Amino acid sequence: MGILAGCGGSTDSSSSSSSSSSSSSSSTTSSSSSGQTTFSVCPATGACRILPLGDSITQGIGEFPGAGGYEYRSIGGFRTRLFELAVADGKDITFVGTMSDAPAEVAGKPFPPNHEGHPGWLTHDFKEIIPTPALTFEPHIILVQMGMMDMVFKDEGPKAAQHLTDVVAKIYTHRPQALIVIATLPDAFVAVDARNAF
């Protein structure tokens with residue numbers, strides 16, 4: 001629920017201070033008598049625009065039996081679960097990006113299918129789509145989930161941390177008011193080769 005806190009939810013003081021450092025002064029922070037701090041980068045009215053930016057994990061590809069054997073198609077991945085949590089918490093969010101696929105409906109609501117999930121991309125590939133077209137929709141929150149393929153290719157693994165730093169720096173340069181959330185890699189992929197871990 002940490003991401004949803006950026007849409008106006010409550011977090012404790014320590015977590016909100018670290019979130020605040022990732023965003024610009026256009027975000028709002030306030031404290032209550034209970035000691036909780038409310039942090040928001042989203043607008044007071046209208047949907048909070050979230051950009052899912054990453055590889056196949058972001059797209060949410062799943063493997064399913066088909067007529068000619070197994071086939072791959074997007075089931076939305078973490079985007080569907082995040083949307084479920086947002087609906088349950090009464091948050092108004094939408095996903096933005098140039099790509100579009102996922103279920104038509106989630107949690108009884110029309111699901112916003114847009115994203116910027118590119119299967120097979122290495123971390124450095126994402127520098128080519130920032131700021132255009134990735135930031136075209138002026139997202140309030142940017143979810144960064146990349147590096148899986150870097151761990152698979154040994155030559156790329158040692159360079160992945162610097163490439164990620166470059167991607168995040170480029171995002172911040174062009175969209176400093178956004179909250180940038182960086183995900184860790186699934187353990188299964190980090191363990192592909194210990195020397196590739198970052």
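For the structure, check the block above.
Residues numbered from 1 in each chain as written. Predicted model: local features only at pLDDT ≥ 70, side-chain atom pairs only at ≥ 80, totals over all residues. Heavy atoms only, no water.

Draft legend 1. Main features of the overall build of the chain. Looking only at helices and strands, the chain has seven helices and 13 strands in total. Looking at the chain alone, contacts between residues at least 24 apart form 66% of all its contacts between residues at least 6 apart. Total accessible area on the chain is roughly 9700 Å²; 54% of this is exposed by carbon and sulfur atoms. (Helix = DSSP H or I, 4+ residues; strand = E, 2+ residues; numbered from the N terminus. Contact = heavy atoms within 4.5 Å. Areas by Shrake-Rupley, 256 points an atom, 1.4 Å probe, with all protein chains shown as cover.)

Draft legend 2. Molecular detail of the pattern of salt bridges. Counted under the stated rule, the structure contains five salt bridges. For Asp101, the salt bridge is made with Arg79, and the minimal N-O distance between the two is 3.5 Å. One end of the pair, Asp101, is in the loop between strand E8 (99-100) and strand E9 (105-106); the other, Arg79, is in helix H4 (residues 78-88), with 22 residues separating them in the sequence. Overall, Arg79 belongs to the buried group, its relative accessible area being 0%. A salt bridge links Glu84 to Arg81, with the nearest nitrogen and oxygen atoms 3.1 Å apart. Note that Glu84 and Arg81 are positioned in helix H4 at a spacing of three residues, about one turn of the helix. By relative accessible area, which is 48% here, Arg81 ends up partly exposed. (Salt bridge = Lys/Arg side-chain N within 4 Å of Asp/Glu carboxyl O. Buried < 20%, exposed > 50% of the residue type's maximum accessible area, 1.4 Å probe, protein only.)

Draft legend 3. The arrangement of the side chain of His140 in detail. In this structure, His140 sits in the loop between strand E11 (114-117) and strand E12 (141-145). Once residues within four sequence positions are removed from consideration, His140 is found in contact with Val41, Cys42, Pro43, Ala47, Cys48, Arg49, Arg175, Ala178 and Leu179.

Draft legend 4. Molecular detail of the environment of Asp55. Within the fold, Asp55 resides in the loop between strand E4 (48-54) and helix H3 (56-59). Overall, Asp55 belongs to the buried group, its relative accessible area being 1%. Residues Asp55 and Thr123 lie 68 residues apart in sequence; the distance between their C-alpha atoms is 8.7 Å. If we skip the residues at most four places from it in the chain, Asp55 touches Gly117, His118, Pro119, Trp121, Phe126, Gln145, Met146, Gly147 and Met148. Of note is the side chain of Asp55, whose polar atom sits 3.1 Å from the backbone nitrogen of Ile57. (Polar contact = N/O pair within 3.5 Å; in protein donor to acceptor, adjacent residues only side chain to side chain.)

Draft legend 5. Molecular detail of the pairing of E11. The pairing of E4 with E11 spans two bridges and is parallel. Residue pairing for E11: Leu53 is matched across the bridge by Glu116. One ladder, built from two bridges, connects E8 with E11; its direction is antiparallel. Bridged to Met99 within E11 is His115. (Pairing = 2+ DSSP bridges.)

Draft legend 6. Examining H4 more closely. All of the buried residues in H4 are Arg79, Thr80, Leu82, Phe83 and Ala86. Axial view of H4: buried residues confined to an arc of 160°, hence all on one face. Positive backbone phi, approximately 75°, marks Gly90, located one or two places after H4. (Arc of directions from axis to C-beta.)

Draft legend 7. Quick peek at the pairing of E12. Among the five residues of E12, five are classified as buried, and the element is accordingly described as predominantly covered. Both E4 and E12 contribute to a ladder of five bridges, which runs parallel. Across the sheet, the residue bridging to Leu51 is Ile142, located in E12. In terms of strand pairing, E12 meets strand E13 (residues 179-182) through four bridges, oriented parallel. If you follow Ile142 over to E13, its bridge partner there is Ile180.

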